[in-house]
Structure formats: C-alpha cells, structure tokens
Amino acid sequence: IVAVTGNSMGWYTALACAGALTPMGGFDVVNTMGTLMHDTGQGGQVIYPITGDDWRPDVGLRAQVMDLANRAGLALSIDLGGMVVLAGDDAALAAFAPPPVGRFPMRLHNHAAFHTALMAPVAVAGQARLARGHFRQPDVAMIDGRGAVWWPGATDVDALYDYTLGHQVTQAYDFAHAIRIAAREFAPDLFIVTGPGTTLGGAVAQSLITANWQGLRCKADFQTRQQTAPLVLSMGMDDQRAIATGGHP
C-alpha cells in the first residue's frame, strides 16, 4: 500500500488505516464526529451528475450546474469526479431545480450540510471532545480532501488535527482531486476501494477519467481496461475482493 485516501467520513477511516490514529482512536473519532453530525448537523445534501452516460468530463455542464446551485444558495460539498454533492439549508435545497436526469437531483437521506460553513458548530464541538493525543505520525502517506499529502515522518501532527477537525468539516471535500494526486504522485498499480459497499468504485473511475489517467477518456475505456488489467478493485464485490486478497475472498 503506497498511500491511502478517503471520501468525507472516510477520511477518518483513512487516518486509522494509515496509522495516524490507532484502531480505537479511529473508532472514537468516527463515533464522536458521526454522533455530533447526526445530533446537531443542519441542512442537507443533494447529488447531481456533471457528466453524460459516457463519463466524459463536461466543463460546460459543470459550470451550468454550479451556477444553478449558487443561485439557489447551495455550496459545493463534495466533488466526486462525475457527480457533485451540493449542500445547504432546507430553503436552498428546495430552490435547486436543475433538469431531472433519471433519479437526479437526489436528496441524500439523513445527511446534513457536510463540508460547509453550516458545520462550524460540529467542528467546535469535535475539537472540544477529541484530544490532540489521538493523532500521531502516519505509517503510510495520506491524501486529504484538498489533495495535500501527509508524509510519514514529516507530518505536523497538530496541523493534521486542525485540518481534520476544522477545514475538513467546514470546507468542500475534493475527492476527485485526491484521486488525481494519488494517481500522479504515487502511480499505483491499482486502487482498492475498501467499502462499505461499492458506491465509490464509479467515483474513483470517473475521477481517473477526469485526470486522463493512463489515457482513460470515457466509461468504455475504463470498462475495457477493467477486463484486462483492473485499475479499481472494490472489496464489496466477491470477484474483485479475491483479486485484492490474492485469491482469498
């Protein structure tokens, strides 16, 4: 494993996987922040595609969607490569009315306005409840939601704590950029999506297409590559898990 990253709440998992948190420390951070967001989080999130069915990047479509979001009062919450997650208060969510595309725009159930200024009280409460002593030097490089790399032996642990319980809570999380940096900085043989489930497999693939990684330009390119030399393995899929674990599902 050359590096780890995660999406949103998955950043806390990445910290534990990289050794920047102990397993129990990771559990405490996830449980504390998850509980705070559930109990005190405001607003909500909606997800909308910014590519066509072929997964080709569409700069014009993205600009149109973000313009509609801004007019409604929504902010970018998470960039998933082929989709954007937008967040805001209930009035802003109700005002967002892009052209329907299949099941989208889709309101995410039980989600607050994560990664926006509305989460400032959660950040303050998290810092009050979680000790800096939880955090330590990572054993493996980590890529955060800005695309910044935290290196083993060279990480400012206080800065990592401040980012995790500050910026990461209240500012947009650019997962697509994290994947782009992971690909270009570490040139991995493949990406292993730990789960739960398989929902991030498409986001990783779309992010790699957006980065034109190894010549990937569209969904068909990715699917062809997956059949011969897989770039993305999801632990939530039995056949792919077997490859990732050396034949032991």
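Below you will find a few notes about this structure. Since the model is a prediction, treat every value here as computed from it, not as a measurement.

1. Section: the pattern of salt bridges
Side-chain pairs of opposite charge can arise whenever the charged atoms involved come near each other.
Stage number 1. Using the criterion set out here, one finds nine salt bridges in the structure.
Stage number 2. Residues aspartate 158 and arginine 132 are paired through a salt bridge, measuring 3.4 Å at the closest nitrogen-oxygen approach. Pair noted here: aspartate 158 is in helix H6 (residues 157-170) and arginine 132 is in the loop between helix H5 (120-129) and strand S6 (141-143), with a separation of 26 residues, a long-range link.
Stage number 3. Aspartate 158 gets classed as partly exposed once you look at its relative accessible area, which sits at 44%.
Stage number 4. Here the salt bridges do not stand alone but share partners, grouping Arg132, Asp158 and Asp162 into one network.

2. Some points on the sheet that holds strand S1 (residues 3-5)
Stage number 1. The strand order across the open sheet built from three strands is S1-S6-S7, with neighbouring strands paired in mixed fashion. Both edges of this open sheet fall to S1 and strand S7 (149-150), since each of them pairs with a single strand only.
Stage number 2. As paired elements, S6 and S7 share two bridges and run antiparallel to each other. Bridge pairing in S7 links isoleucine 143 to valine 149.
Stage number 3. Most of the contacts of helix H1 (residues 10-18) go to S6, to which it runs at about 170°, and overall it touches S1, S6 and S7.

3. Focus: the environment of alanine 18
Stage number 1. Looking at the secondary structure, you find alanine 18 in helix H1.
Stage number 2. On the basis of relative accessible area, alanine 18 is assigned to the buried category, the value being 1%.
Stage number 3. A C-alpha to C-alpha distance of 20 Å links alanine 18 and valine 169, two positions 151 residues apart in sequence.
Stage number 4. Residues in contact with alanine 18, not counting those within four places in the same chain, are Val4, Pro138, Asp139, Val140 and Met142.

4. Quick notes on the packing of aromatic side chains
Stage number 1. Per the counting criterion, the structure on display carries six aromatic pairs.
Stage number 2. Joined through ring pairs, the aromatic side chains of Trp11, Trp150 and Tyr163 make up one cluster.

5. Structural notes on the pairing of strand S4 (residues 83-88)
Stage number 1. The buried fraction of S4 amounts to five of the six residues, a majority that puts the element mostly inside the structure.
Stage number 2. Taken together, strand S3 (residues 75-79) and the strand that follows it, S4, pair antiparallel across an intervening segment of three residues, in which glycine 81 is found at a positive phi of about 90°.

What counts and how
Residues numbered from 1 in each chain as written. Predicted model: local features only at pLDDT ≥ 70, side-chain atom pairs only at ≥ 80, totals over all residues. Heavy atoms only, no water. Salt bridge = Lys/Arg side-chain N within 4 Å of Asp/Glu carboxyl O. Helix = DSSP H or I, 4+ residues; strand = E, 2+ residues; numbered from the N terminus. Buried < 20%, exposed > 50% of the residue type's maximum accessible area, 1.4 Å probe, protein only. Pairing = 2+ DSSP bridges. Contact = heavy atoms within 4.5 Å. Axes fitted to C-alpha atoms, helices over the stretch in contact; angles between N-to-C directions. Phe/Tyr/Trp six-rings, centres within 6.5 Å; stacked < 30°, edge-to-face > 60°.

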